[in-house]
Amino acid sequence: MKLKKILQGVLASYMISSSVFCVFAPSNTFPPYDPNVRLPKCPNMRIHLGATAEYGQSNSARDYTGDKHNVLNIYDKYQDAATMFKNPSDSIKEAVALEYNNMYAAFGGQLITAPISFEGEYRELDLTLFGKYTLKNFIDGDLDLSVHLPVRWRKIENIQFKDLSKTVLPMVPYYYQQNYTKNFDVFNAKMKELGNIDFSECDKSGIGDLVVMLEWLRSFKQNKEALKNVDLFLRIGLSCPTAETKDLDKVFSMSLGNDGAWGMPIGFGLGLDFSNKIRAGGDVEFFILFDETKERRLKTDPDQTEFLLLNKGRATLDSGLTWKFNIFLQAYRFYKGLSLKLDYEYIKHDDDTLYEKTDTFDRTIINTANSLKEWNTHNLIFQVNFDFFMWQSVLTRPQLSLFYKYPITGKNIINMDTFGGQLGFNF
Amino acid sequence: MVGRIEKENLGTTSEKDHTLTFSSIVSSPTKSKLYNDTTYKNSNKFMVGFYYDTAGTKDVTITAKKVRVMHTSTGYSYLIANCNLSGDGQYNKVFALPILGNKKPDGTTITDRGIIGTLSKIDDTTHLPTFDAIPTEAKYMPQFDKDNATDPIKTTVGLVVGQTEKDTGKLTDLFVQGDSVFICLSDDGSTQNSGIFESTALFNSDGFIIAWTPWQRVMGDVQKVFGGGVDMFNNFCFLTSQDTTKTDADTIRTSIWGTTETANQSETIDKDNGKPVWTQDTNRNLSALLSSIFPQEQVGVLQIINFDEYTPGFNQQKFSMMVAVGYDKVALIQTLDPTTQSPIKTFTTDGATPNVFVFQNDPVLKEIAPLCFAEVSRNTDGDTGWLFVGGYNGVAVLCQADGKGWDAQTGLINLGTGADNFPNPVTYSFKKLTPSNGGNFSNIRKLASLVSFDNAGTGNIRKLFIQTKDNLYSIDQDANKFKNGPIALAEQELFANLSTTLKFTDLLIIPNSDTNANKKSNLFKFIFGSTYGLLVGSGYDGTKINLINSGSATSDPILHLNYISKTKGLNSATGNLYALSANYLTNSGKIYRYFVNGDPSFAPTLSKISVDSNPFIDLHNFRGNFITDGAFGFSMIARGPSNNFLTDLYEIAQTQTESGSIDELLELNDTNWYIGVITRNTASGSWVIPGDWGVKVNE
């Protein structure tokens, strides 16, 4: 009977929100089920439906050392159109050798670097639909089964293309300009011809990775002078790869989810209610992404840059563990249904590792990609929340919150100022 | 005498300590080895001894003043000896006498240890050492006949170091580095015979020395030298005299890497604090001058091309020049003073006697830029002295309005002065050579002049070969085709059916003979560096060149050719070629060494030196070029994402020793990106390194 109820709950659930992982580059937007944007629990209601929206845009990002660059320079300060020729795989060797030889012979020697750069702007809008069903009396405490389905829009626009080779080797550009860098269209056409690489703008929308969460919450009443209640949370979930994956041949293509990988978030938290409607707490979460094997663009030389990878091969991505830590302080429903909350969030994703599936590639070299290096982000979140049901009891008890996220610092991430809100209804 | 350190039971557990034994350099010297009744009676042709029968009328004396040992990079050993064979007190020759090593050329070990270190037998047919036996009679002894120095029957092949030009009467010291012999001279009266000079061994395909390069001044100085040596970074340390005490060897100097001003700085002691004060020599101003003409923001000096004092069309041994090529500028730099025949130290673009002429803001040079190479006509007919420059967008010639160049018959003796005023910008200007399609010779890789007789040996061939990345063209050296309002250039495209994937990188033209009268263009050989490897082409028959071997698309590209020639001024028919095989795609760089013989009766034209390791040098990384003088090898590469050093230096030896980079010595840093090909200033002997800094030198 209880199982039936669970299934009913799943079916009855709605969908919700976003993910942080594996886009063109990771961004600091919330994952779909993020506890930081969770609306306060509505007592005695079993069904919770709603949506979270978050918007951010930035033309800068932090590289793996934490330095700020244009968002398209996150992994490399410049792209090198000479090193891309190094160690071509057999399938493209002939074409690559011809192209390089032509360029080398034209220059007359020593063509070992030809830097170009791209600059652009990144925009992201996440709308996460969510639904939650609370199982009462199943075990001690509440057991919430929720489903979160993000709907996303991501765009890289205003791409500016620059030939930097003049700054290092003024001899290079002459031939190079004619055949490569005369303008963006010439370059893009050349790259399509050479490696089927497309540098055009990316404008993608669609559903993200569906996340199903199971969360246990239990409150422990306290009869102390200051501490009135302790809430414990435990949760586990499954992230399903329902989002479109990255297009291998489009440099600025982005997955709207975890690029085809299954994932499992596991977390626990603590909420403390003090007198005077002050609430504080913390939350720890681990997000495990399962190995994903597929065809990828891979480096064949450590000096290659990540937009200009001509070689493709099958490789398994062993994703690093993502650690997430939150602490918060909240003035909880201090005026009718109004709450104010300040969160500090730290997310750290360990190094990813690629395992080649063919002898063509060297494991050490393919793992020199900066995109595989650790990323992290530190954010402050300011939130205001209003629970209308505290003020007036209606059939569907609505809740509304607005937030602003201030990125403090980070590494290897698009750290944006974002804002958004949530609207929830409790039945 | 030769000393040997011997061991017993070598390589076994019962190996015994060394024993030092001495023996004559001629193993078991007997009369028969130095004397016979016919050809070698009381002979003074042997550098190591003689037999005087007391009946002869000639008083034979043979003495050796300096001896050194050279272990060549091919694995053979030679005794380098400065001998007096005439008894007149003139130690006027340096000889390379082959001595036996531990192993024979066939790889087997010489079992009689008593002959190791003694003279090798000379084969009386090939006139080359056998390196497997001692001479048993006089005809097998190395010998030198001063009256027949080029006759292999009378003078052993490869015996005379430095050929015969240099008067070594004032030789004070001798040292060996790699495959080169250096002599120190201290003549008071002539700068021609003071300083340090180098001659380098040339090997045949078996690795035997077959010739030596002519003496070439090194280290950029003409001071008297009483003794010297060279360190692993090509810095020469030598004993000289102060100017005020010309006969006393009381000053030690060293050549260093740097600008010409810093390399020639002098030290004084501060009277107040007693500390040394270094003062740059602003009179040695080539670096400062060129960096002002070729600033770093315009890439500096892209290449320096040296034309030595034996270049045809120059007044022989009185004039030499370097041409500095920038992005769209050219500077002609006179390097030899015709009066004193000593190197010019101070350079100027103005005044009454400028010795540097700069062509900048020239519309033709701007049109064909970026420039990459320069060549002279090497012609000795009348007004046929031209300078050609090539670039990305074509070729230009420096000539007068009527198309004429300097008087090459008399020979160029000064820049800007003299009868023809070459290259006085008032009368000379660059003119673009327009091919028949009205476009450009685009992507120039190399220019090379060919001056010889035609197939019949009667008519003249006067051509400039223009190598582009895609083909090879020839044009006539003809004033009518260069003048204002020229007649059609009528260039010949020499390859009609080349693969479109083959790209040329370098070119070398090898004559069939070193004697001008015997040169026929159809017997020449063309050697190409290409993306298909090293290619050899037949001679030029007036219309075409045939590829004898056409390489392969799968070969590693040959990017740069460095030819060590037996002659100055022109490539010799025999020599050694160092080919840089480098593949950027696989990050490889290897040096292969070849024996080149352009004599049509000898085949193949190009053969690897069989005893070399394969490759001769592994550079381990992609490099842009490789230059060697036989003592050291230099490879350069522009700065890339991961190569921290632009320069790399090797000591030439059988087992190569990488000395490392000289970037620090040159004070290069991460603001320096471009580096050109290192070139020797043949007038001063200094190495010149072009780059975005202008030029830096070792002197």
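Residues numbered from 1 in each chain as written. Chains lettered and ligands numbered in written order. Predicted model: local features only at pLDDT ≥ 70, side-chain atom pairs only at ≥ 80, totals over all residues. Heavy atoms only, no water.

What follows is about the confidence of the model for chain B. On average, residues of chain B score 90 in pLDDT, and 97% of them reach the 70 mark or higher. Predicted complex metrics record ipTM = 0.78 and pTM = 0.88. (pLDDT = per-residue confidence, 0-100.)

Next up on the list: the state of the cysteines. All names here are of chain B. Evaluation of the coordinates by the stated rule reveals zero disulfides over all chains. Among the cysteines around cysteine 372, which has no disulfide bond, cysteine 399 carries the closest sulfur, lying 19 Å off. For cysteine 372, a relative accessible area of 16% translates into the label buried. (Disulfide = S-S within 2.5 Å. Buried < 20%, exposed > 50% of the residue type's maximum accessible area, 1.4 Å probe, protein only.)

Across the contact, 31 residues belong to chain A and 37 residues belong to chain B. Regarding the contact of chain A and chain B, the summed buried area is about 2,900 Å², with carbon and sulfur atoms giving 67% of it. Taken together, chain A and chain B are joined by zero salt bridges. Viewed at the interface, chain B and chain A are joined by four residue pairs in polar contact (both at pLDDT 80 or more). Counting residues per element, the ones that place at least two in the side of chain A that touches chain B are helix H2 (90-107) and helix H4 (173-181) of chain A. (Contact = heavy atoms within 4.5 Å. Buried area = accessible area lost by both parts, 1.4 Å probe. Salt bridge = Lys/Arg side-chain N within 4 Å of Asp/Glu carboxyl O. Polar contact = N/O pair within 3.5 Å; in protein donor to acceptor, adjacent residues only side chain to side chain. Helix = DSSP H or I, 4+ residues; strand = E, 2+ residues; numbered from the N terminus.)

Turning to the nonpolar core, a few remarks are in order. Grouped together as the largest cluster of nonpolar side chains are 85 residues, with contacts concentrated most on A:Phe85, A:Phe118, A:Phe187, A:Phe199 and A:Phe252. Among the elements that line this core, the one with the most residues is H2(A), at six residues. When residues are assigned to domains, this core turns out to be shared by domain 1 (2-257) and domain 2 (501-621) of chain B, each giving three or more. The residues touching A:Phe118, leaving out its near neighbours within four places in the chain, are A:Asn70, A:Leu72, A:Asn73, A:Gln79, A:Ile159, A:Gln160, A:Phe161, A:Phe184, A:Phe187, A:Phe199, A:Phe252 and A:Phe307. (Core = buried A, V, L, I, M, F, W, Y, C linked by side-chain atoms within 4.5 Å. Domains from an automatic or database assignment.)

Residue and element names in this part refer to chain B. Read from one edge of the open sheet, three strands run E3-E4-E5, paired in antiparallel fashion. Two strands lie at the open edges of the sheet, namely strand E3 (63-71) and strand E5 (93-99), each paired on one side alone. This sheet shows a mean twist of 25 degrees between the axes of neighbouring strands, independent of strand direction. One ladder, built from seven bridges, connects strand E4 (residues 77-84) with E5; its direction is antiparallel. In the strand pairing of E5, asparagine 82 is matched with valine 94. (Pairing = 2+ DSSP bridges. Axes fitted to C-alpha atoms, helices over the stretch in contact; angles between N-to-C directions.)

Residues and elements named next belong to chain B. Strand order in the open sheet formed by four strands is E38-E39-E40-E41, and the pairing between neighbours is antiparallel. Two strands close off the open sheet at either side, each with one partner strand: strand E38 (625-628) and strand E41 (657-660). Averaged over all neighbouring strand pairs, the angle between strand axes comes to 25 degrees, with direction disregarded.

What follows concerns the pattern of salt bridges. Residue and element names in this part refer to chain A. Taken as a whole and judged by the stated rule, the model has 49 salt bridges over all chains. Across the pair lysine 162 and glutamate 119 runs a salt bridge whose closest N-O atoms are separated by 3.9 Å. Here the residue lysine 162 occupies a position in strand E6 (residues 142-163), and glutamate 119 occupies one in strand E5 (residues 115-135), the gap between them amounting to 43 residues. Lysine 162 gets classed as partly exposed once you look at its relative accessible area, which sits at 40%. Glutamate 119 gets classed as partly exposed once you look at its relative accessible area, which sits at 27%. A salt bridge links lysine 324 to glutamate 345, with the nearest nitrogen and oxygen atoms 3.4 Å apart. Of the two residues, lysine 324 sits in strand E14 (residues 322-335) while glutamate 345 sits in strand E15 (residues 338-349), which places them 21 residues apart along the sequence.

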